[in-house]
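Structural description and commentary
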Amino acid sequence: MVMVRLALILAAVQTARGFSISALPSLRSSALASSATLRTPAHSFGRIGARGMSMVAGTQPDTATQAESERIAGDRFIACNRFISRPSKAAAFEQRWAERKSSLVKMEGFRFFTLMRRVDKVGDKEWPQPDKTPDYMSLTVWDKKDNFQAWRSGPAFKDAHGGGTIGGIFSAIVGALTELKGAPKPAFFEAIAPITVDKASSAIVLTGRDITGKPIADGKEKLPAECFVSMNRMVAKPGKEGDLEKYWAERESTLAQYPGFVGFAFLRRDADGKKKGDFADDKFTHTTCTIWASQDYFSKWREAHYADWEKRQAKGESNGFKDFLAESPEPIYWEGTQVLSMDKGF
């Protein structure tokens, strides 16, 4: 076991300039960044409309497998890092994040951050997940990918990891490995057709904070939830990626009319983050991402949504995007902790 941990540490140090290490929380680390470019007005809803078309950055058309319809241009960049915590170490892991030094709110292009804790029961329904599914995931939203890259290559990144020294990075890794099963795994996304409400209009309530606004954590009890995140993950059929994205970009949306809605985007796995991984969720090519101020707000929306869906089904209306999928969508739910948000919102 000791040799396994040392191997993980050495591998991580060798890739210290990569995002896997950038997302390791330490007592003095800054929150992980995830970014997305939001250009929709606050409380925007209704017909979203297709954005400008472009091929996914970093990919080349392949006449055999990429005879896709045109892809929708991403509207922002989101960087996530995924973690599997050790038994009984979840509260300590959250404390490590809560005590980090964060400069995200000072970074150009930063919009929103939360450390998400997986929820396997919503209401009276269980949502079990397969082995190697992360139980924590950081989610950080940026206006542009360049904003994230600037953070990763700038002094804020070095300060977040022991000043950028090998010794500092090594110390952070050793601390994290006491709470995690293996190294964290990054996942990058481009956001399509985002919708948001601004911070002033958001129903998110920050709880368990000190007078400076920093989360209070003791390492024994988990932190209170400050938002609720619903994701419906999908595997697009080869060649149908563009059709799937166009469907979501052009659909009618009334999300922002509902109380407690915070933000939505349809996420496409970014070309830079498509390296084959060993987490259960690495198979997905797309996912919805909807943020609510609480699970209660989500449940009320879902009740109304499914009542409408059943009416449409009774009329024989199409399921819409299902024809573009290789398999059935798989939902996953999260409680968001330690929320940071700029005035412009998600």
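Residues numbered from 1 in each chain as written. Predicted model: local features only at pLDDT ≥ 70, side-chain atom pairs only at ≥ 80, totals over all residues. Heavy atoms only, no water.

Regarding the confidence of the model for the chain
Here the chain averages 79 in pLDDT, while 69% of its residues score no lower than 70. Contacts for the low-pLDDT stretch residues 8-68, under 50 throughout, to residues beyond four places or in other chains number 216 contacts. (pLDDT = per-residue confidence, 0-100. Contact = heavy atoms within 4.5 Å.)

Structural notes on helix H4 (residues 145-153)
Residues Asn 147, Phe 148 and Trp 151 constitute the buried set of H4. Considered in projection along H4, the buried side chains sweep an arc of 100° and stay on one side of the axis. Of the exposed residues in H4, those oriented more than 90 degrees away from the buried face are Asp 146 and Ser 153. (Buried < 20%, exposed > 50% of the residue type's maximum accessible area, 1.4 Å probe, protein only. Helix = DSSP H or I, 4+ residues; strand = E, 2+ residues; numbered from the N terminus. Arc of directions from axis to C-beta.)

Comments concerning the pattern of salt bridges
Applying the stated criterion across every chain yields a total of 17 salt bridges. Measuring nitrogen to oxygen at the nearest pair gives 2.7 Å for the salt bridge that ties Arg 209 to Glu 226. Taken as a pair, Arg 209 in the loop between strand S7 (185-196) and strand S8 (227-234) and Glu 226 in the loop between S7 and S8 lie far apart in primary sequence, 17 residues in all. Neither Arg 209 nor Glu 226 differs from the other in exposure class; each is buried. Measuring nitrogen to oxygen at the nearest pair gives 3.2 Å for the salt bridge that ties Arg 269 to Asp 282. Linking Arg 269 in strand S10 (residues 261-269) with Asp 282 in the loop between S10 and strand S11 (286-292), this pair joins segments that are 13 residues apart in sequence. Assessed through its relative accessible area of 5%, Arg 269 is described here as buried. Residue Asp 282 is classed as buried on the basis of its relative accessible area, which comes to 17%. (Salt bridge = Lys/Arg side-chain N within 4 Å of Asp/Glu carboxyl O.)

A word on the pairing of S7
With 10 of 12 residues buried, S7 lies mostly within the body of the structure. Bridge count for strand S2 (residues 76-83) against S7 is seven bridges, and the pairing is antiparallel. When the bridges of S7 are listed, Asn 81 appears paired with Pro 186. As defined by bridge partners, S7 adjoins S10 across six bridges and the pair is classed as antiparallel. What sits directly across from Thr 196, in S10, is Gly 263. (Pairing = 2+ DSSP bridges.)

Points about the nonpolar core
Ranked by internal contacts, the top residues of the largest apolar core, which has 26 residues, are Leu 244 and Phe 261. For this core, the elements supplying multiple residues, two or more each, are S7, S8, helix H7 (241-250), S10 and helix H8 (295-314). Each residue touching Leu 244, except ones within four places of it in the same chain, is listed here: Met 234, Ala 236, Phe 266, His 286, Phe 321, Phe 324 and Leu 325. In this structure, Ile 78, Val 141, Ile 332 and Trp 334 belong to the second largest nonpolar core, which totals 24 residues. (Core = buried A, V, L, I, M, F, W, Y, C linked by side-chain atoms within 4.5 Å.)

Looking at the sheet that holds S7
With antiparallel pairing, the eight strands of this closed barrel are ordered in space as S2-S6-S3-S12-S8-S11-S10-S7. Going from strand to strand, the sheet's axes swing by 30° on average, the running direction of each strand aside. Pairing between S10 and S11: seven bridges, direction antiparallel. Each bridged residue has a counterpart across the sheet, and for Phe 266 the counterpart in S11 is Thr 288. (Axes fitted to C-alpha atoms, helices over the stretch in contact; angles between N-to-C directions.)

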